[in-house]
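Close look at the chain arrangement
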Amino acid sequence: MNGAVKVFEVGPRDGLQNEPRHLPVASRLGLIGELAATGLRHIEGGAFVSPRWVPQMAGSDEVFRQLPGDDGINYSALVPNLQGFEAARQAGCREVAVFAAASEAFSRNNINCSIDESFERFAPVLRAAREAGIRVRGYVSCVLGCPFSGAVAPEAVASVARRLHELGCYEISLGDTIGAGRPDETARLVEHCAGQLPVSVLAGHFHDTWGMAIANVHAALALGVRTFDSSVAGLGGCPYSPGASGNVATEDLLYLLHGMGFATGVDLPTVARVGARISAVLGIASRSRAGLALAARSKRED
Ligand code: HMG
Ligand code: MG
């Protein structure tokens, strides 16, 4: 065994927030329940954002109200400001995530404020969360490029990551929002961030637009990153990142990790069945290569 890796499933949030077919609360709860039964212990269940900006996440309060409170699973939700945090707290969330960007243009397009203004919004969230005993994760978007302004320096990413950590975020997820980064760039990025923060607080969040997500996971793994965000069936994308596709598929991530001897506690064939089912519900083909390979193999064996 090579040690343990934490898999942070973002399908019910990142996966569904950009789908043209909007799933009702009951279907989202069904998906979360199925994912919970695979062994996943960290699931992002929704976002307390403006329903005018992201209608797919409307009803996240209902989702969180109906989630089991005592199954040992960490259900997390995005909150952009204190208003979102209060709604999340009232719905019973025990973990929230604030989301910053390393690019000014993306920050304005995604959350309608500058990077500095976003930190002014996050500070009261972190204060209120500390008082309520709610953990806060932090995201940095555009770590390997911005859909509006192009290249992003690793120094800029490391600086935003450090600010989030200093504010009190327990983990910093580095988001390749546009899914254009390569493993050499990922290695440079992780080295810069690990110069500012312990590598144990870093997570990789790689979108797969250019097919590099799993290679980027491998590069980050080699440098000691042990938490990765992924999305069942490779669902997802950001509505404010035109053309970006989904996260690395959870099935593909598990195939890599288990093959390399990392323990995750998650059952790959069960995740693959969930991926096939949710893809059918959404009327799309699964974007997981491992999921498709497993489905083809079980068809051959039937
Ligand atoms: P704004 O318009 O600047 O907000 O939006 P405002 O404070 O001026 O308020 C305007 C209206 O929004 C008001 O309603 C507020 O009540 C309401 P009105 O009086 O007009 O009826 N409002 C809210 N409603 C619900 N929940 C809230 C909330 N806050 C204000 N929390 C805001 C600012 C941040 C709200 C908006 O820009 C927004 O919701 N953005 C969300 C963007 C988003 O969800 N993007 C996708 C997630 S990020 C992502 O995918 C990247 C990630 O995966 C990592 C990666 O891949 O890089 C995490
Ligand atoms: Mg994302």
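These notes cover the structure that comes with them. Every chain is numbered on its own, with residues counted from 1 as its sequence reads. Chain A is the first chain written and ligand 1 is the first ligand written, with later ones labelled in order. Reporting in this predicted model follows two pLDDT cut-offs: at least 70 for local features of residues, and 80 or more for side-chain atom pairs to be given and counted; totals over whole chains, interfaces and linings ignore these cut-offs and use all residues. Only heavy atoms go into the side-chain values, all of them from the structure, while hydrogens and water stay out.

Remarks on the overall build of the protein chain
- Strands are runs of DSSP state E lasting at least two residues, helices are runs of H or I lasting at least four, and both sets are numbered from the N terminus onward. Scanning the protein chain from terminus to terminus reveals 12 helices and eight strands.
- Scaling as 2.2 N^0.38, a compact globule of 302 residues should have a C-alpha radius of gyration of about 19 Å, and the protein chain matches this with 18 Å.
- Considering only C-alpha atoms, the protein chain reaches an extent of 55 × 40 × 35 Å along its principal axes.
- Partly exposed residues are those whose accessible area sits between 20% and 50% of the maximum for their type, while under 20% is buried and over 50% is exposed, using a 1.4 Å probe and protein chains only. When burial is assessed residue by residue, the protein chain has 55% of its 302 residues classed as buried.
- Contacts in the protein chain between residues far apart in sequence, at least 24 positions, make up 76% of those at least 6 positions apart. Here the globule rule is a power law, 2.2 Å times the number of residues to the power 0.38, and the radius of gyration is based on C-alpha atoms. Two residues qualify as a contact provided that any one of their heavy atoms is within 4.5 Å of a heavy atom in the partner residue.

What about the coordination of the magnesium ion (ligand 2)?
- In this description, a donor is an N, O or S atom within 2.8 Å of the metal centre, a cutoff extended to 3.2 Å for sodium, potassium and calcium. Water is not part of the atom list, which can make sites seem incomplete. The magnesium ion (ligand 2) binds to the protein through Asp-14 (OD), His-205 (NE2) and His-207 (NE2); the donor distances cover 2.1 to 2.3 Å.
- The sequence pattern formed by the donor residues of the magnesium ion (ligand 2) is D-x190-H-x1-H. Of this pair, Asp-14 sits in helix α1 (residues 11-15) while His-205 sits in strand β7 (residues 202-206), and the two are 191 residues apart along the sequence.
- Given a relative accessible area of 5%, His-205 falls into the buried group.

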